[in-house]
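What follows is each chain in one-letter form.
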There are 2 protein chains.
Amino acid sequence: MMDFQVSFKVNEKIYLRDPESTEIGKQIVKNAIDLIYELGFEHFTFKKLAIHISSTEATVYRYFENKHRLLLYILNWYWCYMEFLVDFKLQNITVKKDRLQIIVSLLTHGLPESTGQFDYNKKYLNHIVITESNKVYMVKEVAEINKDEVFKPYKDLCAKIASVIADYKPSYKFPRSLSSTLIETAQHQQFFKSYLPKLTDSPTGKENDFVYRFIADFLFRTLA
Amino acid sequence: MMDFQVSFKVNEKIYLRDPESTEIGKQIVKNAIDLIYELGFEHFTFKKLAIHISSTEATVYRYFENKHRLLLYILNWYWCYMEFLVDFKLQNITVKKDRLQIIVSLLTHGLPESTGQFDYNKKYLNHIVITESNKVYMVKEVAEINKDEVFKPYKDLCAKIASVIADYKPSYKFPRSLSSTLIETAQHQQFFKSYLPKLTDSPTGKENDFVYRFIADFLFRTLA
DNA sequence: TATATACAATAGTATTACTATCATAATAAA
DNA sequence: TTTATTATGATAGTAATACTATTGTATATA
């Protein structure tokens, strides 16, 4: 599909120094994605990241206040990119049902794999979104953090999908909640399918598109 | 409602020494709930808990391998209790729609407040379930941990609700996924309603039963 | 050429997440 | 009742984590 480089202006309050502005800044984010994927967020530390990129802890701390902010940066990037993809893919689609199907497909299949060796590993990024994204807002400090508007990209994505829902069925009363439920459920069912399959109806073994089918099914039943 | 003491045998692999077997063990769990509520799981430590109960870190470590296992214990207790409540409340209900409504009500309203000063603070416990429960399985070690069957109570609760769904509409293809989605969505929408209301359609201000209404609505539309 | 900036290198602190030892108090077995 | 067992408290200690601070040097900018 697209081969041009996409970049977004992420809310300045997330970082101390813009990681996009320097080579080492970009390395920090790219390698953080690789390491968080490999270790899981709990075992990921700035020390390990610094060693991984042959730099120092102090340097990483000049870009991000702590690892929570770095994860927040990564997820902001994802949310922005996902909203961009939704826009892009819906551009010429007028059939309202198709528009919703494309959204469900994007949410359940994640970002398309990229080839460039400088951009983020999309496979890892999708995995991080699935397993770690709850951890950026399910924290004691959520109200404080929210004041900096760092969840705006998530809210925007939610609002965009909600508007497509509302356009499909104007009388439906809960477009935003349904939208956030779609986003969250897409992630959770993918996780459950892989690790706790008893919590799903995913057929075992062969490759299937179970999460897409489940979500599309319940979305169109809900909006029938 | 009930005033008798409820206790469950939680999977033995979760703890090193059964906290129900001693006075200090009970204090550990009860006060852990209070402290995790107050501090959030990330800021909760065994050291702080030990000081809180005028004991020592070493004593707490004799009961639980680490704080993750203690959280797992608390959530196991919740899942067992919730399944008990579902059974109890559905006992004499034969109308299938009523059965589902009662389940949604239980999931969205949480455990009923208790009066006894020795049992767990249900308000805090509900809050922990909402904000921390993802953290017990959304970890790198999930496959390892799952081998000990410590998520069985969650799977059992999910299966029980799935069976009520299947009984309501036998032709529905995804009863388990819908069940886990109900459980997770009930928690997430409660969280969003409180902290990130833009992700919901909850009316601001006045007390309302928004989460119940949203979930009941989409459940019965899905199963229509 | 002077100046500012970014980074590496290094040091250091408080806290976290444990593990280990030992004496004593409480409890159960003989 | 004596003895053996076990639980706890008190204390110590370690490695890792999550930072903060300082300094020298290379590089880019004025």
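These remarks concern the structure in this document.

Thresholds applied
Residues numbered from 1 in each chain as written. Chains lettered and ligands numbered in written order. Predicted model: local features only at pLDDT ≥ 70, side-chain atom pairs only at ≥ 80, totals over all residues. Heavy atoms only, no water. Least-squares fit on C-alpha atoms with pLDDT ≥ 70 in both. Contact = heavy atoms within 4.5 Å. Core = buried A, V, L, I, M, F, W, Y, C linked by side-chain atoms within 4.5 Å. Buried < 20%, exposed > 50% of the residue type's maximum accessible area, 1.4 Å probe, protein only. Helix = DSSP H or I, 4+ residues; strand = E, 2+ residues; numbered from the N terminus. Polar contact = N/O pair within 3.5 Å; in protein donor to acceptor, adjacent residues only side chain to side chain. Phe/Tyr/Trp six-rings, centres within 6.5 Å; stacked < 30°, edge-to-face > 60°. Buried area = accessible area lost by both parts, 1.4 Å probe. Salt bridge = Lys/Arg side-chain N within 4 Å of Asp/Glu carboxyl O.

1. Brief notes about the relation of the copies chain A and chain B
When chain A is fitted to chain B, the best match, at an RMSD of 0.0 Å, comes from turning it 180° and sliding it 0.0 Å along the axis. Expressed as a symmetry operation, the mapping of one chain copy onto the other fits a two-fold axis. By C-alpha distance to the rotation axis, the residue of chain A lying nearest is Thr 222 of chain A, at 2.6 Å. Both copies contact each other with a shared surface, as 98% of the interface residues of chain A are interface residues in chain B too.

2. Some details on the nonpolar core
Among the nonpolar cores identified, the biggest contains 158 residues, and Leu 70, Tyr 137 and Phe 151 of chain A together with Leu 70, Tyr 137 and Phe 151 of chain B are the most heavily contacted of them. Not counting chain neighbours up to four residues away, the residues in contact with Phe 151 of chain B comprise Leu 196 of chain A together with Leu 72, Trp 79, Val 136, Tyr 137, Val 142, Ile 145 and Asn 146 of chain B.

3. Brief notes about the side chain of Gln 189 of chain B
Within the secondary structure layout, Gln 189 of chain B lies in helix α10 (residues 175–195). Of the polar contacts made by the side chain of Gln 189 of chain B, one reaches the side chain of Ser 177 of chain A; its length is 2.8 Å. Here Ser 180 of chain A takes part through its side chain, which lies 3.0 Å from a polar atom of the side chain of Gln 189 of chain B. When sequence neighbours within four positions are dropped, the list of residues in contact with Gln 189 of chain B reads Ser 177, Ser 180 and Thr 181 of chain A together with Leu 199, Thr 200, Phe 210, Val 211 and Phe 214 of chain B.

4. Details of the packing of aromatic side chains
Evaluated as defined, the whole model comprises 45 aromatic pairs over all chains. Plain terms: the ring middles of Tyr 81 of chain B and Phe 84 of chain B are 6.1 Å apart, the flat faces sit at 10° to each other, and that makes the pair stacked. Separated by three residues within a single helix, Tyr 81 of chain B and Phe 84 of chain B lie in helix α4 (residues 67–90), roughly one turn from each other. Take Tyr 81 of chain B: its relative accessible area is 6%, and that puts it in the buried class. Linked through ring pairs, Tyr 172, Phe 174, Phe 210, Phe 214 and Phe 218 of chain A together with Tyr 172, Phe 174, Phe 210, Phe 214 and Phe 218 of chain B together constitute an aromatic cluster.

5. So, the interface of chain A and chain B
Accessible area lost on assembly of the parts is the figure often given for the size of an interface. Counting residues at the interface gives 52 residues for chain A, matched by 51 residues for chain B. Here chain A and chain B share an interface that buries about 4400 Å² over both sides, 63% of which is from carbon and sulfur atoms. In this assembly, chain A and chain B are joined by 29 residue pairs in polar contact (both at pLDDT 80 or more). Elements supplying a minimum of two residues to the side of chain A that touches chain B: α1 (23–39), α6 (122–132), α7 (134–137), α8 (142–147), α9 (152–168), α10 (175–195) and α11 (210–222) of chain A. If you tally residues by element for the side of chain A that touches chain B, the top one is α10 of chain A, at 13 residues.

6. Observations concerning the pattern of salt bridges
A side chain of one charge can pair with a side chain of the opposite charge if their charged atoms are brought near each other. Residues and elements named next belong to chain B. Considering all chains together, one arrives at 22 salt bridges over all chains under this definition. Ionic pairing is found between Lys 135 and Glu 42, a salt bridge with its closest N-O pair at 3.1 Å. Separated by 93 residues along the polypeptide, Lys 135 in helix α7 (residues 134–137) and Glu 42 in the loop between α1 (23–39) and α2 (46–52) bring together distant segments of the chain. One salt bridge in this structure joins Asp 167 and Lys 96, with 3.8 Å as the shortest N-O distance. Taken together, the positions of Asp 167 in helix α9 (residues 152–168) and Lys 96 in helix α5 (residues 96–109) put the pair 71 residues apart, joining distant regions of the chain. The exposure class assigned to Asp 167 is partly exposed, which follows from its relative accessible area of 38%.

Read these as geometric descriptors, not functional statements.
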